[in-house]
Each structure stands twice: as C-alpha cells, then as structure tokens.
Amino acid sequence: MTTRRTFIRTFSAPLLAVPVHSMYSNGLKSDEKILRVALMGLGSYAARVADAMKDCKRAKITGLISGTPSKLSTWGEKYSVAETSRYSYENVDQLKNNPEIDAVYILTPNALHYSQVLQIAKTGKHVFVEKPMALNAKQAKEMVEVCKKANVHLLVGYRMHFEAKTLEVVNMRMAGEFGRPLFFQGLSGFKIGNPNQWRLDPVLAGGGSMMDIGIYSVNGSRYMIGEDPVWVTAQETKTDPVKFKKGVDETIQFQ
C-alpha cells in the first residue's frame, strides 16, 4: 500500500503541477513553471512534505509560516527560505506583498483550516489545505465561495484523488468490470500515539477517528459504488474515555 510519505515523494510533481498550468498564462513553456509554495504550520507532516518537495521539479518552498520563531529560523536555513518570507500567524496578512509566494499549503490542526483558508484567500495567494477541509459542510461551502470571490484556487490535500491505483480501480468500476456493486466495506485506522498530541484535543481536532482517518472509508465507498449516501447511521465505541475525551471519537462504525 502506498503511504502518505511515499506518495508525496512519487507524485508531488504531477500533483502540484495540476494548478500550475491554470494559474499562469505568461507564455512560458510548461516545464519552465515553478510553483512557489509557503508551508503554514511546521509540524511532523509538514516535515514530510518539505522533505519530499526537495526532489520536486515543479514546486519549491519559498515561504514559511509558524507560531514558533525557532522553527522559522531552523526551517528557513534548512530550506533556504529568505527571512523576508518567514511569517508568524500574527503577520501572515503581509503575504499579499510577497511576489515570491504563489500558494500556501495549510498543514495545521483540523479546527484551524476554516479560518486560515479565509485568511490566506484574502492575501490573493492560492490555497492548499490538508484534509479534512473543514469541520462541517457549512464551513467548507464558505471556504469555496471566499476563494472564488478572491479569484484563487483551492485544493484539498487528499492524495487518493491522484493516487494511481485508486484511479485505476475507479476506471475499472466505471467500465463495468466489477458488475453491479452491491456492497463495499472499508476499514481505516491506526493506533494513536502521543496522548498529548493535537488529535486528542477536541478544540483543535474537531473530532477523532472519523474526522482524521474515517474519511478514507467514506470516500472509498463513494469511489467503489459510484454514488453518494442518501442516509447514514453510526455508532461510537470508546474504550478509553480518559485519552479520548468528549468530542474525540475513538472508533466509529457507520453504514
């Protein structure tokens, strides 16, 4: 199975090239266009993204946004990002004056995605946001509308839309190779690690297993059946209410 880490390394060039073609019309040949990206939120997954982007020919890290000054300094030196392109969350609005940044990749905890997408869109920069896009459909719709109004592209960092094996399975289903699907079962999960991480903080996570990993099963069913749900029922199982506080589900079974 392709992991997020190997996927970024393998597919970062074609993935990041998707908006490049439509973002620019300056007469350059397609292989001469470089997407200049600022990373927002310098945590563990941002480190994976940054590491993979070192080998990406169509995108380059040209900006950093963090609430930790030491990270801005360390990351800035490691990835050769100028001090003038390093921002805190307090002065991120100044991005609008930086011509060296085309897009911002938001890699912060789930509950921050909504407000930060709106904030970045107002700077006129294109936006990548990690999954889940928002905490609810109302937020997501507003994010789409704000980006449209600002004339910036909005892309959700959900790799399965581009993952080769997933696309091949979808093509097989559409070609009728599976007959008429009547049932699909998806299983997604992992054993949570550090009990102090943001995924176990209801304020930052906005949920638990469903919000973080369950969306793969939701979209998996949509890909394999080719339909959206018309009703849903779900049950939560919680074996450790101390670690998984109210508002953070440990296990969700849904139909």
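This text follows the structure it describes.
Another point: the pairing of strand 2 (residues 59-65). Across the 7 residues of strand 2, 6 count as buried, placing the element largely inside the fold. Each parallel crossover has a hand, and the one from strand 1 (residues 35-40) via helix 2 (residues 44-53) to strand 2 is right-handed. The parallel pair strand 2 and strand 3 (residues 86-87) is bridged by helix 3 (residues 69-78), and the resulting crossover is right-handed.

Attention now goes to the environment of Leu204. Mapped onto the elements of the fold, Leu204 is located in helix 7 (residues 202-205). A relative accessible area of 26% means that Leu204 is categorised as partly exposed. In contact with Leu204, other than residues within four places in its own chain, are Pro109, Asn110, Ala111 and Trp198.

Here the structure, examined in full by the defined rule, presents 7 salt bridges. For Lys54, the salt bridge identified is with Asp51, shortest N-O distance 3.3 Å. Exposure remark for Lys54: the relative accessible area of 52% places this residue in the exposed category. Across the pair Arg199 and Asp212 runs a salt bridge whose closest N-O atoms are separated by 3.4 Å. A residue pair is termed long-range when its members are at least 10 positions apart, and Arg199 in the loop between helix 6 (164-174) and helix 7 and Asp212 in helix 8 (residues 209-225) qualify at 13 residues. The exposure class of Arg199 is partly exposed, given its relative accessible area of 27%.

Turning our attention to the side chain of Ser66. Take Ser66: it is sitting in the loop between strand 2 and helix 3. Under the relative-accessibility criterion, Ser66 is labelled buried at 4%. Polar side-chain contacts of Ser66 include one of 3.0 Å to the backbone nitrogen of Thr68. Apart from residues lying up to four places away in sequence, Ser66 is in contact with Leu42, Lys71, Leu72, Tyr87, Ser88 and Tyr89.

It is worth spelling out the sheet that holds strand 2 at this point. Strand order across the open sheet formed by 6 strands is 3-2-1-4-5-6, with parallel pairing between neighbours. If you trace the sheet from one side to the other, it starts and ends with strand 3 and strand 6 (154-157), each paired once. Note: strand 1 against strand 2, 6 bridges, orientation parallel. Note on strand 2: the bridge partner recorded for Val37 is Ile61. On the sheet, helix 2 packs against strand 1, strand 2, strand 4 (103-106) and strand 5 (126-130) and is oriented at approximately 160 degrees with respect to strand 1.

Attention shifts here to the packing of helix 6 against helix 8. Relative orientation of the contacting elements helix 6 and helix 8 amounts to 40 degrees, with a least axis distance of 8 Å. Residues Thr166, Val169, Val170 and Arg173 of helix 6 touch helix 8, and the partners they reach there are Arg222, Tyr223, Met224 and Ile225. Of the residues contributing to the contact of helix 6 with helix 8, the split by class is 5 nonpolar, 1 polar and 2 charged.

With that settled, consider the environment of Lys131. Mapping Lys131 onto the fold places it in the loop between strand 5 and helix 5 (137-150). Judged by its relative accessible area of 8%, Lys131 falls in the buried class. Residues Lys131 and Thr108 lie 23 residues apart in sequence; the distance between their C-alpha atoms is 10.0 Å. Within the structure, the side chain of Lys131 is placed 2.3 Å from the backbone oxygen of Asp212, a separation counted as a polar contact.

Think of two packed helices as two axes; the pair is described by the angle between the axes and how far apart they sit. Running from N to C, helix 4 (residues 113-121) and helix 5 point in directions that differ by 5 degrees, and their axes come no closer than 9 Å. On the basis of their axis angle, the class for helix 4 and helix 5 is roughly parallel. Here His113, Tyr114, Val117, Leu118 and Ala121 of helix 4 lie close against helix 5, whose contacting residues are Gln139, Glu142, Met143, Val146, Cys147 and Ala150. Of the residues belonging to the contact of helix 4 with helix 5, the class tally is 8 nonpolar, 2 polar and 1 charged.

This part covers the pairing of strand 6. Here 4 bridges tie strand 5 to strand 6, and the two strands are oriented parallel to one another. Bridge pairing links Val127 to Leu154 in strand 6. Read from strand 5 through helix 5 to strand 6, the crossover connection turns out right-handed.

Attention shifts here to the packing of aromatic side chains. Counted according to the given criterion, the structure contains 3 aromatic pairs. An angle of 50 degrees between the planes, with centres 5.7 Å apart, marks the rings of Trp75 and Tyr79 as tilted. For Trp75, a relative accessible area of 12% translates into the label buried. The class for Tyr79 is buried, based on a relative accessible area of 12%. Their ring planes at 80 degrees and their centres at 5.8 Å tell us that Tyr105 and Phe128 sit as a pair that is edge-to-face. Residue Tyr105 is located in strand 4, and its partner Phe128 is located in strand 5; the two are separated by 23 residues in the primary sequence. Tyr105 sits in the buried class, given a relative accessible area of 11%.

Calculation notes
- Each chain carries its own residue numbering, running from 1 in the written order of its sequence.
- Per-residue local features of the predicted model are confined to residues with pLDDT of at least 70, and side-chain atom pairs are confined, for both listing and counting, to 80 or more; whole-chain, interface and lining totals are unaffected and use all residues.
- Only hydrogens and water are set aside; all other atoms, that is, all heavy atoms of the structure, feed into the side-chain values.
- Three labels apply to residues, based on accessible area from a 1.4 Å probe with only protein chains included: buried if under 20% of the type maximum, exposed if over 50%, partly exposed otherwise in between.
- Under the scheme used here, helices are H or I runs from DSSP no shorter than 4 residues and strands are E runs no shorter than 2 residues, and both carry numbers assigned from the N terminus.
- Viewed with both strands pointing away, a crossover whose connecting path from the first strand over the helix to the second turns clockwise is right-handed.
- Here a residue-residue contact requires only that any non-hydrogen atoms of the pair lie within 4.5 Å.
- Salt-bridge detection follows one rule: a side-chain nitrogen of Lys or Arg within 4 Å of a carboxyl oxygen of Asp or Glu.
- Any N or O atom pair separated by 3.5 Å or less is treated as a polar contact, with the protein-specific requirement of one donor-capable and one acceptor-capable atom, and with residues adjacent in sequence counted only for side-chain atom pairs.
- If DSSP finds at least two bridges between two strands, the strands pair.
- Here an axis means a line fitted to C-alpha atoms, over the contact stretch when the element is a helix, while the angle between two N-to-C directions is reported on a 0 to 180 degree scale.
- The classification used treats Ala, Val, Leu, Ile, Met, Phe, Trp, Tyr, Cys and Pro as nonpolar, Asp, Glu, Lys and Arg as charged, and all other residues, Gly among them, as polar.
- For classification, angles of less than 35 degrees are called roughly parallel, those exceeding 145 degrees roughly antiparallel, those between 65 and 115 degrees roughly perpendicular, and all remaining angles oblique.
- For Phe, Tyr and Trp, where Trp contributes only its six-membered ring, two rings pair if their centres lie within 6.5 Å, and the inter-plane angle classes them as stacked under 30 degrees, edge-to-face over 60, or tilted in between.

On their own, these measurements won't tell you what the molecule is for.
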